[in-house]
Structure formats: structure tokens, C-alpha cells
Amino acid sequence: PVLFLAALLPAAAVRAQAPAPPTQPGLLATYSAANGAPADLAIVPGVALHVAAGQAASPLLAPGSFTVTWEGFVLVDLRSDYQFAAEVNGKLKVEI
């Protein structure tokens, strides 16, 4: 499993009751308030998120600081070296 944790970065949300990380295409995005309490879940096609200044990352979060965790799987057909890249305004933590 791949876990991405970034502080800052909306996606069209599909509300759910704490589903397991997807085993099909897509990632489970968990949006949390600044206090760490989970507020919203969405299945998204990838790790991409833009939140305009003064806006909320999710309809269930207040504008301001938040975190989002993406969970899912990386499926590769060939052995090789792979790179992960990010451009963020805040913090990013990548765990593989």
C-alpha cells in the first residue's frame, strides 16, 4: 500500500462509511480537520488537489488548515526504479 499525507491541498467527493482502501483504480482520500478528526472521505483518481485561498478542501471542513491522506496501491508491471514527485505549498510525507 501507498500512503500519502499532505497538509494543504478539492476533489469531487464520493461519501462513504470508512471503506477499505480501493483495490481497483482510485485512491481513498481522507480529509481531516486541523485537530486531526476525520471529516470526509472520497475516492479520487490520483493524488492531485488544489484549494483556493480562503476556501475549504471539502464541504464538510471549515476553511483553513487541514490534512488529507491518500491510500491505495501501486501496481507495476515491470521491475524498475520509480520516482515520486510533488509540488506543494506546505508539507508532504510519503510512505511506501
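Residues numbered from 1 in each chain as written. Predicted model: local features only at pLDDT ≥ 70, side-chain atom pairs only at ≥ 80, totals over all residues. Heavy atoms only, no water.

Quick look at the overall build of the protein chain
Move 1: Secondary structure summary: the protein chain contains zero helices and five strands in total.
Move 2: Counting helices and strands in the order they occur from the N terminus, the protein chain gives β-β-β-β-β.
Move 3: Per-residue burial over the protein chain gives 28% buried out of 96 residues.
Move 4: Carbon and sulfur atoms provide 56% of the accessible area of the protein chain, an area that totals close to 6700 Å². (Helix = DSSP H or I, 4+ residues; strand = E, 2+ residues; numbered from the N terminus. Buried < 20%, exposed > 50% of the residue type's maximum accessible area, 1.4 Å probe, protein only. Areas by Shrake-Rupley, 256 points an atom, 1.4 Å probe, with all protein chains shown as cover.)

A few points about the pattern of salt bridges
Move 1: If you walk through the whole model with that rule in mind, you get one salt bridge.
Move 2: Between Glu95 and Lys93 there is a salt bridge, with the nearest N and O atoms lying 3.0 Å from each other.
Move 3: Overall, Glu95 belongs to the partly exposed group, its relative accessible area being 34%. (Salt bridge = Lys/Arg side-chain N within 4 Å of Asp/Glu carboxyl O.)

Here's the deal with the confidence of the model for the protein chain
Move 1: When pLDDT is averaged along the protein chain, the result is 76, and 75% of the positions lie at 70 or above.
Move 2: The weakest mean pLDDT in the protein chain belongs to strand 1 (residues 2-7) at 44; the strongest belongs to strand 2 (residues 27-33) at 91.
Move 3: For residues 1-16, every residue scores under 50 in pLDDT, and the model assigns this stretch 70 contacts once sequence neighbours within four places are set aside. (pLDDT = per-residue confidence, 0-100. Contact = heavy atoms within 4.5 Å.)

Considerations on the environment of Leu27
Move 1: Assignment of secondary structure puts Leu27 in strand 2.
Move 2: By relative accessible area, Leu27 is classed as buried at 12%.
Move 3: Spatially, the C-alpha atom of Leu27 lies 7.9 Å from that of Phe73, the residues being 46 residues apart in sequence.

What about a nonpolar patch on the surface?
Move 1: Residues Val74, Val76, Leu78, Tyr82, Phe84, Val88, Leu92, Val94 and Ile96 make up a contiguous nonpolar surface patch of roughly 850 Å² in combined accessible area.
Move 2: The residue Val76 is located in the loop between strand 4 (66-72) and strand 5 (91-95) in this model.
Move 3: On the accessibility criterion, Val76 (41% relative accessible area) is partly exposed. (Patch = residues over 30% accessible without salt bridge, like charges linked within 9 Å, V, L, I, M, F, W, Y side chains within 5 Å.)

Here's the deal with the environment of Ala34
Move 1: For Ala34, the location among the structural elements is in the loop between strand 2 and strand 3 (38-44).
Move 2: Taking relative accessible area as the criterion, Ala34 reaches 62% and is therefore assigned exposed.
Move 3: Considering only alpha carbons, one finds Ala34 and Leu61, 27 residues apart in sequence, at a separation of 9.5 Å.

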